[in-house]
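# Topology and contacts: notes
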Amino acid sequence: MIIKMSILEQKKTLAHIYNSVAKELFGTGTTFLKVSIHDNVITFHAKHHRSPRSAALEGEDPNLKMEVDFRMSQLYKKKLKEKIEQELHLPLEAVLRDYDGATQLAFTNIVLSDI
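As a starting point, this report considers the structure included with it. Starting from 1, residues in each chain are numbered consecutively following that chain's sequence as written. Confidence filtering applies because this is a predicted model: local features only for residues at pLDDT of at least 70, side-chain atom pairs given and counted only at 80 or more, and all residues used for totals across whole chains, interfaces and linings. Side-chain metrics rest on all non-hydrogen atoms present in the structure, leaving aside hydrogens and water.

Before going further, it helps to examine the overall build of the chain. Segments assigned H or I by DSSP are reported as helices when at least four residues long, segments assigned E as strands when at least two residues long, and all are numbered from the N terminus. Each helix and strand counted, the chain has three helices and four strands in total. The order of α-helices and β-strands along the chain, N terminus first, is α-β-β-α-α-β-β. Expressed as lengths along the three principal axes of its C-alpha atoms, the size of the chain is roughly 50 × 25 × 20 Å. Throughout, exposure labels follow a simple rule: accessible area from a 1.4 Å probe, protein chains only, divided by the maximum for the residue type, with under 20% read as buried, over 50% as exposed, and the rest as partly exposed. The burial tally for the chain puts 34% of its 115 residues in the buried class. Every residue pair with non-hydrogen atoms within 4.5 Å of one another is taken to be in contact. Once local pairs closer than 6 in sequence are excluded, the contacts in the chain between residues at least 24 apart make up 52%. Of the roughly 7100 Å² of accessible surface on the chain, 56% is carried by carbon and sulfur atoms. Of the charged side chains in the chain, 16 are positive and 15 negative; the average position of the first set lies 5 Å away from that of the second. Computed with the Shrake-Rupley method and a 1.4 Å probe, the accessible areas treat only the protein chains shown as cover for residues. Positive charges come from Lys and Arg, negative ones from Asp and Glu, while His and the chain ends are left out of the count. Each charge is placed at NZ for Lys, CZ for Arg, CG for Asp and CD for Glu.

Here it is, written out as structure tokens:
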């Protein structure tokens, strides 16, 4: 796992990275964020701010909003993976993310490589 850090420090650093990606992509952090670490899996449970653009798009073109949500989630995974690898030097095997646009809830699981 993360060498020379307590569990509390690990969670704090991971939360900071997660929120920095949210700010980079959406201009704001999360309203709720919980980080859990179990064996080789890191889980982020987050509630994001509702974007006014997202709400407007949902009213005009719900299918396009779903597509944008999907694409942004893919980009979120890519950026999060890059930042964790760069800042913490962790070998990541997979980044799995599920985002519900209606509630703004997201669950992200990071699976660490068994190296």
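Right, let's get into the packing of aromatic side chains. In summary, the pairing rule links any two rings of Phe, Tyr or Trp, Trp by its six-membered ring, whose centres are within 6.5 Å, and it sorts them by plane angle into stacked for under 30 degrees, edge-to-face for over 60 and tilted for everything else. Under the defined criterion, the tally for this structure stands at three aromatic pairs. Ring geometry for Tyr18 and Phe44: centres 4.8 Å apart, planes at 25°, overall stacked. Of this pair, Tyr18 sits in helix α1 (residues 7-26) while Phe44 sits in strand β2 (residues 41-48); the two residues are 26 residues apart in sequence, bridging distant segments of the chain. You can call Tyr18 buried: its relative accessible area is 0%. Using a relative accessible area of 0% as the deciding quantity, one classes Phe44 as buried. Relative to Tyr76, the ring of Tyr18 has its centre 5.1 Å away and its plane inclined at 50°; by these criteria the two rings are tilted. Residue Tyr18 is located in helix α1, and its partner Tyr76 is located in helix α3 (residues 62-88); the two are separated by 58 residues in the primary sequence. An identical accessibility class is assigned to Tyr18 and Tyr76; each is buried. The ring of Tyr76 carries Arg97 above its face, with NZ or CZ at 4.1 Å from the centroid. Charges are assigned to positions over rings by a cutoff of 6 Å between ring centre and Lys NZ or Arg CZ, combined with an angular limit of 35 degrees from the ring normal.

Here β2 pairs with strand β4 (residues 105-112) via seven bridges, running antiparallel. When the sheet's bridge partners are listed, Ala46 is paired in β4 with Ala106. Strands pair, by our definition, only if DSSP identifies at least two bridges between them. For strand β3 (residues 92-100) and β4, the ladder comprises eight bridges, and the chain directions are antiparallel. Bridging across to β4, Val95 finds its partner in Ile110. Between β3 and β4, which pair antiparallel in sequence order, lie four residues; one of them, Gln104, sits at a positive phi of approximately 70°.

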